[in-house]
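Chains, contacts and geometry: an overview
Listed below, chain by chain, are the residues.
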Amino acid sequence: MATAPVVACPTCKKPVPWLASERFKPFCSERCQLIDLGDWATEAHKIPGSPTLDDAFEDKTALSDPPD
Ligand SMILES: [Zn+2]
């Protein structure tokens, strides 16, 4: 029987056997998978030059909010 290939977990670099039983491959665990996805989502919010929903919302609020 051939030895399963081993990959390094992208989050913690721990060796992970590439087996069907490894549910979170190439990650070693669900925790590492969530950490990596979280990093990716955080990076997506940092794209410079893209208008954000927050900015548009603030503009409308400022225009429709009557001065006291
Ligand atoms: Zn890991």
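Residues numbered from 1 in each chain as written. Predicted model: local features only at pLDDT ≥ 70, side-chain atom pairs only at ≥ 80, totals over all residues.

This paragraph deals with the overall build of the protein. If you tally the helices and strands in the protein, you get two helices and two strands. Listed N to C, the secondary structure of the protein is β-β-α-α in terms of helices and strands. The buried share of the protein, taken over its 68 residues, is 4%. In the protein, of all internal contacts separated by at least 6 residues, the share reaching a separation of at least 24 is 8%. (Helix = DSSP H or I, 4+ residues; strand = E, 2+ residues; numbered from the N terminus. Buried ≥ 20, exposed ≤ 12 C-beta atoms within 10 Å, placed from the backbone. Contact = placed C-beta atoms within 7 Å.)

We now examine the environment of L37. With respect to the secondary-structure elements, L37 resides in helix α1 (residues 30-44). As a C-alpha pair, L37 and T11 span 26 residues in sequence and 10.0 Å in three-dimensional space.

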